[in-house]
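Overview (structure and organization)
Here's the letter readout for the chains.
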2 protein chains.
Amino acid sequence: MILFDGAMGTMLQQAGLPAGACPEAWCLVKPELVTAVHKKYVDSGATVIETNTFGASRPKLAHYGLADSVKEICFAAVRAAREACQPNTRIAGSVGPTGQLLQPLGELAFEDAYQAFAEQISALDEAGVDYILIETIIDIQEMRAALLAAKAVSKKPVICQLTFEKDGRTVTGTDPQTAAVILDKLGADIIGANCSLGPSQLVSVVEAMSAITQKPIIVQPNAGMPELENGKTHYHMSPDEFAGWIPKLAAAGATYFGGCCGTTPEHIRAARYIIDNLQTSTKNWPQLVKAVVLASRSQRVYIGKDFPTAIIGERINPTGRKAMAAELQAGKFQAVKREALLQIQAGATVLDINMGVAGIDQAPLMRRAVEQLAVMTKVPLAIDTTDPAALEAGLRAFPGRALVNSVSAEPERIEAFLPIAKKYGAAVLCLPLTPGGVPATAAERVAIIRQIIAAATGAGLTENDLLLDALALTVAADSQAALETLHTLTAYRENFGLPSVMGLSNVSFGLPRRDLLNGAFCAMALAAGLDAPILNPYDPLMKDLLAASAVLLGKDQHAKKYSSSYVHSTAAVATTTDKPTQLPITPALQKTDTPDVLETI
Amino acid sequence: MILFDGAMGTMLQQAGLPAGACPEAWCLVKPELVTAVHKKYVDSGATVIETNTFGASRPKLAHYGLADSVKEICFAAVRAAREACQPNTRIAGSVGPTGQLLQPLGELAFEDAYQAFAEQISALDEAGVDYILIETIIDIQEMRAALLAAKAVSKKPVICQLTFEKDGRTVTGTDPQTAAVILDKLGADIIGANCSLGPSQLVSVVEAMSAITQKPIIVQPNAGMPELENGKTHYHMSPDEFAGWIPKLAAAGATYFGGCCGTTPEHIRAARYIIDNLQTSTKNWPQLVKAVVLASRSQRVYIGKDFPTAIIGERINPTGRKAMAAELQAGKFQAVKREALLQIQAGATVLDINMGVAGIDQAPLMRRAVEQLAVMTKVPLAIDTTDPAALEAGLRAFPGRALVNSVSAEPERIEAFLPIAKKYGAAVLCLPLTPGGVPATAAERVAIIRQIIAAATGAGLTENDLLLDALALTVAADSQAALETLHTLTAYRENFGLPSVMGLSNVSFGLPRRDLLNGAFCAMALAAGLDAPILNPYDPLMKDLLAASAVLLGKDQHAKKYSSSYVHSTAAVATTTDKPTQLPITPALQKTDTPDVLETI
Ligand SMILES: [Zn+2]
Ligand SMILES: [Zn+2]
Ligand SMILES: [Zn+2]
């Protein structure tokens, strides 16, 4: 276990920093006192010390009139830290939050946050830190801005530490597992938590994260839970009690440890003693399952044969829908939001977003749609576009792990889309199309998918990032079309074992009562291995058949959900309309219980 | 090509038999004149001559007060024929119709017809004929009585010749292919047609029969179509014209030829000349397909992957239905008949008949139900019972080819049911149950089915007689039950390639909205290879999903049926009830166009 240091701010106050003063300024004005704190931690046994740059970003320093001193302070901070180093000491460049909520929750634009982080991290990198340590972040979207910036300006390992509340989520609603998914895929090298809670409360956070990612886990607790006394926050946990939690945290999966608020060199010394006497135990790596996990800010959706069928709502698409297209042309998103909420109410667990309006630049439209949906709903999104700029805008704006819809074997998709997917840690829907056209047989589709998988892994994606589309064609044009698609699903499972996805509604194009064809095809496809249908979730028959299929395919144990949904239904006669009529407003930030899935990404 | 003789009656009339006299009586009183006719045919080149016993059955002879002379006349007739034989001449013992329609179309009880035929055929057999020739039969049920009697009392090859009308069917509605299926399976050795029509009209009859059976085909036309002159029937086709049809009949598949009304030794001599100069051509044996064919009196239902899904209606079953049970206890069949007609109107192509009423002897109930349904409907029946006596009663009474529901691996089923199925030429539903209970896995079911197939082929059945049941269990009791059944269907197809069958409704037992579960399960099972679901055809959702599944599985080319059914349907909202309200009376005897299926049994 690697030991980081403890609190800096309180140590500086003890050394004379006035309350309300800028701690980072001391790097310039009293670097020897900063070095002195670092030395105490090094002497206590810390092998990684954190620079005094927690607030050394342009927006934070602006409060003290030091906006233009970011680089100067960062360089001074690293120098002050280096003065304290022993040969085995490493320096982590601390990067704290901007102190503002990002749009649309707050006022700060994502790109402004990104620029601030890029400036600070660039300076720290140039000054020679060994790690970039993004810490005490309460909003996953701010963390994404910082992490993307770090990846853009530095090649140093990046540590991402979020801060959780008593309910186990960040202030803006992200649980540890969801955070770990998003950050792992986005390229964080070490993932963890710091501040807010004491070590006992962070055991479950560490457990949750280490169950879902193979990245190392770091934990830097406060010295117990904060207690308010006479308007001031105090931390009362003794060094021995504090360090006494280390074995439990190690058992939960942490391999990096340090202290946050209220911790002192004594706490770190006690930790050093415990760590040196710790039975070396290797982390139990979570078992890799063949599933793709998508995430919103606040929940995950697993797509794979051992998970409930994921329902991808297809309705946010202006193609052939004049009213929605006209609204989007006018820069309005009422229809989009309405469709989002109604689809979720009708059972969609993922929303597909297509912004293809003739004559309009898709990218800004996609960005705004994603921003608004991300704050209004809790489901992951699929960015449905053929425009690389719109794809990047959507993925960048989404505070979770989105799905790229889609990457075919066409060179422009392979070359432009796969690097973007990799950069944003997105999952990819692989569509077996070539420049030559649409492959008719399952065997041809398998061959094309094999090409796409090779290109995707070449671009740095893993198999667990990929969903395979079985390609539903129109049965009115070819009587064998649906059968071939079902064979394709079987062939995918046999050849790849990766989860599958498919838009259903093509199959019924040009025929009456499309709901019957779509519904029957859905049941058949689910039985043949389809994991994530893309469909119109309002269709009452589809809803009914999805519920029944879940029972039949063993995805609704003891038919519990089914029985409770239909207990008062009368039989057979008519599937009367239960069209959604109300808008249930369940904003993304509302806390929910995500079922614990002890699987990994 | 084997050449039979020509007409006997007209020849005897020329020899002095008075109109209205009993021709068969001349075997006793003027045997030398009978022998003289036979001699002329033998001299003309016939190698098989037919005894003068067409009407030598008890009911026919009773018209002349000769009811008790059956045996005496038959023996005399065979003697008279033998007198005319050359070394290579064979004798066919002619057996004509009783002259009465069987119950319930007419007055004659099946068992009385059977006894009459058994008496006559037994006499002919004992007298030493080479073939039993059952001829000029206009009702398939009378033919069945005769054939069953022949098989019971004689080991001689049995020739079955039906008589067809201009519309290509027998008077009671049986087409040549359906007749060939029923008679082939019931054990006829040579199958064909005689009388009624001239040779040109019988070409298509021969073609139809030879396309569906591998048994040899016989054809004995009249000398042209009958013409009525002054109240008497005349036949005008010349010997050369008559014989000129032989190459066409041979090409159509006939390998036995002879003459009926209006033919003379000259016709046979002309035939001999043509046959001797015929290019020897072997019959093109029809390709065997892996399909089970069931038949009613008037149509066939093919069950297999290249045919439309067979819909087996499950509603004729008093289990748990108090009203129907009470009626049956009172010997009434109103509810049974109503359910039959409604199910057919709702799309059933086969009807399952279960007569399991507590405290009532099933066999007579089954017989009466089958008799009444057979005359009222045109669909094949499945005899659903665990009682061997009821099984035999049902199969015996049904004027077609029924399905035995079911034969498990339980010894009492194997030992009692398989010989009965073989005797009546029925198809068999193989159910993978053992005395040990219900097998949970697909692999176990495959192993049990393998045992049943071995026992069935041991009992003289062929693989094309067998339907495999995949065993739908209750998903409420076991979440994996439906999945395992779907795997079983796949495993059956891989291991056996035989058609499959399955009752669906078990799957949803104990859960609400069973229509949803049954419907989704049906679509899944059809896609996994189910050929014949047993279901409640009134269920409107099931009906819809069956229609949609047919399109999706390539069984409704160009979605023709689907489109015409749903062209005026509006989409999605609600599957409004289209419950059957009228009783469409389509009696079995009404002529229908059966689509030509050029496949064999
Ligand atoms: Zn803290
Ligand atoms: Zn005739
Ligand atoms: Zn005439």
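Residues numbered from 1 in each chain as written. Chains lettered and ligands numbered in written order. Predicted model: local features only at pLDDT ≥ 70, side-chain atom pairs only at ≥ 80, totals over all residues. Heavy atoms only, no water.

1. What to know about the confidence of the model for chain A
Test applied: Known as pLDDT, the predictor's per-residue confidence is scaled from 0 to 100. Contacts between residues were defined by any pair of non-hydrogen atoms, one from each residue, lying within 4.5 Å.
Mean pLDDT over chain A: 92, with 93% of residues reaching 70 or higher. Note on residues 572–601 of chain A: pLDDT is under 50 here. Beyond four places in sequence and across chains, it has 91 contacts.

2. Points about the coordination of the zinc ion (ligand 1)
All names here are of chain A. Convention followed: Each metal's donors are the N, O and S atoms within 2.8 Å of it, or within 3.2 Å when it is Na, K or Ca, and because water is not part of the set, sites may look incomplete. Note on geometry labels: four donors, all angles 85 to 135 degrees, give tetrahedral; four donors become square planar and six octahedral when opposite donors are over 155 degrees apart and every other angle is between 65 and 115; remaining cases are irregular. Relative accessibility under 20% of the residue-type maximum defines a buried residue, over 50% an exposed one, and the middle range a partly exposed one, all with a 1.4 Å probe and only protein chains included.
Surrounding the zinc ion (ligand 1) are the protein donor atoms Cys 195 (SG), Asn 222 (OD1), Cys 260 (SG) and Cys 261 (SG), which sit 2.1 to 2.6 Å from the metal. Classification of the site at the zinc ion (ligand 1) rests on its 4 donor atoms, whose angles at the metal span 89 to 127°, yielding the label tetrahedral. Of the residues examined, Cys 260 reaches a relative accessible area of 11% and is grouped as buried. The class for Cys 261 is partly exposed, based on a relative accessible area of 25%.

3. Some remarks on unusual backbone geometry
Residue and element names in this part refer to chain A. The following threshold applies: Helix numbers and strand numbers start at the N terminus; a helix is a DSSP run of H or I with at least 4 residues, a strand a run of E with at least 2.
Backbone torsion omega between Asn 405 and Ser 406 reads 15°, so that peptide bond is classified as cis. Within the chain, Leu 471 stands out as a residue other than glycine whose phi angle is a positive 70°. Mapped onto the secondary structure, Leu 471 falls in the loop between β18 (466–469) and α19 (481–495). Of note, the phi angle at His 558 is positive, near 55°, even though the residue is not glycine. As for its placement among the helices and strands, His 558 is situated in the loop between α21 (540–552) and α22 (560–566). By relative accessible area, which is 59% here, His 558 ends up exposed.

4. Some details on helix α8 (residues 176–186) of chain B
Residue and element names in this part refer to chain B. Applicable threshold: Here a polar contact is taken to be a pair of N or O atoms separated by no more than 3.5 Å, where protein atoms must pair a possible hydrogen donor with a possible acceptor and residues adjacent in sequence count only if both atoms sit in side chains.
In terms of residue burial, α8 counts as a mostly covered element, since 11 of its 11 residues are buried. Inspection of α8 places Pro 176, Gln 177, Thr 178, Ala 179, Ala 180, Val 181, Ile 182, Leu 183, Asp 184, Lys 185 and Leu 186 among the buried residues, and these make up the whole buried set. Between the side-chain oxygen at the start of α8 and the backbone nitrogen of Gln 177 there is a gap of 3.2 Å, and the oxygen is on Asp 175. Among the residues trailing α8, Gly 187 stands out with phi positive, at a value near 105°.

5. Remarks on the coordination of the zinc ion (ligand 3)
Here the zinc ion (ligand 3) is held by Glu 229 of chain B (OE), His 234 of chain B (ND1) and His 236 of chain B (NE2), and the distances to it run 2.4 to 2.8 Å. Using a relative accessible area of 29% as the deciding quantity, one classes His 234 of chain B as partly exposed.

6. Comments concerning the pairing of strand β12 (residues 300–303) of chain B
Residues and elements named next belong to chain B. In plain terms, the rule: Two strands qualify as a pair provided DSSP detects at least 2 bridges between them.
Of the two faces of β12, the one holding Arg 300 and Tyr 302 and the one holding Val 301 and Ile 303 are both buried throughout. Examined bridge by bridge, strand β11 (residues 292–295) and β12 share 4 bridges and lie antiparallel to one another. Note that in β12 the partner of Val 292 across the bridge is Ile 303. Hairpin connection from β11 to β12: 4 residues lie between these consecutive antiparallel strands.

7. Comments concerning the domain arrangement of chain A
Residues and elements named next belong to chain A. Our working rule: An automatic or database domain assignment supplies the start and end points of every domain. A 1.4 Å probe defines the accessible area here, and the buried area is the portion of it lost by two parts on being joined, summed over both. Counted as salt bridges are all cases of a side-chain nitrogen of Lys or Arg within 4 Å of a carboxyl oxygen of Asp or Glu.
Once the domains are mapped, chain A shows domain 1 (2–276) and domain 2 (293–566). Every contact between the two is made by 22 residues of domain 1 and, on the other side, 23 residues of domain 2. Taken together, the two surfaces of domain 1 and domain 2 that pack against each other cover about 1,800 Å², and 52% of this comes from carbon and sulfur. At the junction of domain 1 and domain 2, the tally comes to 4 salt bridges. Ionic pairing is found between Asp 139 and Arg 297, a salt bridge with its closest N-O pair at 2.5 Å.

8. Focus on the environment of Arg 169 of chain A
Residue and element names in this part refer to chain A. Along the chain, Arg 169 turns up in the loop between β5 (158–162) and α8 (176–186). A relative accessible area of 6% places Arg 169 in the buried class. C-alpha of Arg 169 to C-alpha of Ala 179: the two residues are 10 residues apart in sequence and 9.4 Å apart in space. Among the polar contacts made by the side chain of Arg 169, one reaches the main-chain carbonyl oxygen of Gly 173 at a distance of 2.7 Å.

9. Points about the relation of the copies chain B and chain A
Look at the two chain copies: a rotation about an axis and a shift along it is all it takes to match them. Test applied: Residues below a pLDDT of 70 in either copy are left out; the C-alpha atoms of the rest, at least 70 in both, set the least-squares superposition of the copies.
Its rotation angle being 179°, the transformation that places chain B on chain A also includes 0.0 Å of axial translation and leaves an RMSD of 0.1 Å. In short, the pair behaves as if placed about a two-fold rotation axis. Minimal C-alpha distance to the rotation axis in chain B is attained by Met 524 of chain B, lying at 2.2 Å. Comparing interface residues between copies, 100% of those in chain B also lie at the interface in chain A; the contact surface is shared.

10. Brief notes about the nonpolar core
Worth spelling out the cut-off: Throughout, nonpolar core names a set of buried Ala, Val, Leu, Ile, Met, Phe, Trp, Tyr and Cys residues whose side chains join them through atoms within 4.5 Å.
Grouped together as the largest cluster of nonpolar side chains are 370 residues, with contacts concentrated most on Ile 134 and Met 355 of chain A together with Ile 134 and Met 355 of chain B. If near-sequence neighbours (up to four positions away) are discounted, Met 355 of chain A is found in contact with Ile 316, Pro 318, Leu 328, Phe 333, Val 336, Gln 362, Leu 365, Met 366, Ala 369 and Asp 384 of chain A.

11. Examining the sheet that holds strand β14 (residues 350–354) of chain B
Within a sheet, adjacent strands bond to each other through the backbone by hydrogen bonds, running parallel or antiparallel. Residues and elements named next belong to chain B. Put simply, the test is: Whenever a helix is involved, its axis is fitted only over the stretch in contact; in every case the axis is a line through C-alpha atoms, and angles between N-to-C directions fall within 0 to 180 degrees.
Strand order around the closed barrel formed by 8 strands is β13-β14-β15-β16-β17-β18-β19-β20, with parallel pairing between neighbours. This sheet shows a mean twist of 25° between the axes of neighbouring strands, independent of strand direction. Here 2 bridges tie strand β13 (residues 312–316) to strand β20 (residues 532–535), and the two strands are oriented parallel to one another. By the bridge assignment for β20, Ile 312 is matched with Ile 534. The strands that helix α16 (residues 388–397) touches are β15 (381–384) and β16 (403–407); relative to β15, the one it contacts most, it runs at about 165°.

12. Some remarks on the interface of chain B and chain A
Applicable threshold: Throughout, the ten residues Ala, Val, Leu, Ile, Met, Phe, Trp, Tyr, Cys and Pro are labelled nonpolar, Asp, Glu, Lys and Arg are labelled charged, and all others, Gly among them, are labelled polar.
Contacts between chain B and chain A engage 45 residues on the former and 45 residues on the latter. Where chain B abuts chain A, roughly 3,800 Å² becomes buried across the two surfaces, and 70% of that area is made up of carbon and sulfur atoms. Interface area lost by chain B to chain A is led by Arg 513, Met 524 and Leu 552 of chain B, which between them contribute 19%. Inspection of the region where chain B meets chain A yields 2 salt bridges. Our count for the chain B to chain A interface comes out at 8 residue pairs in polar contact (both at pLDDT 80 or more). For the side of chain B that touches chain A, the secondary structure elements donating two or more residues are α19 (481–495), α20 (514–527), α21 (540–552) and α22 (560–566) of chain B. When its residues are assigned to classes, the side of chain B that touches chain A shows 29 nonpolar, 12 polar and 4 charged.

13. So, the pairing of strand β19 (residues 500–503) of chain A
All names here are of chain A. Rule in force here: Looking down the strands as they point away from you, a crossover is right-handed if its path from the first strand over the helix to the second goes clockwise.
As paired elements, β18 and β19 share 2 bridges and run parallel to each other. Paired with Asp 469 across the bridge in β19 is Val 501. Handedness of the crossover joining β18 and β19 through α19 is recorded here as right-handed. Where β19 lies against strand β20 (residues 532–535), 3 bridges are found, and the strand directions are parallel. Each bridged residue has a counterpart across the sheet, and for Met 502 the counterpart in β20 is Pro 533. In terms of handedness, the path from β19 via helix α20 (residues 514–527) over to β20 forms a crossover that is right-handed.

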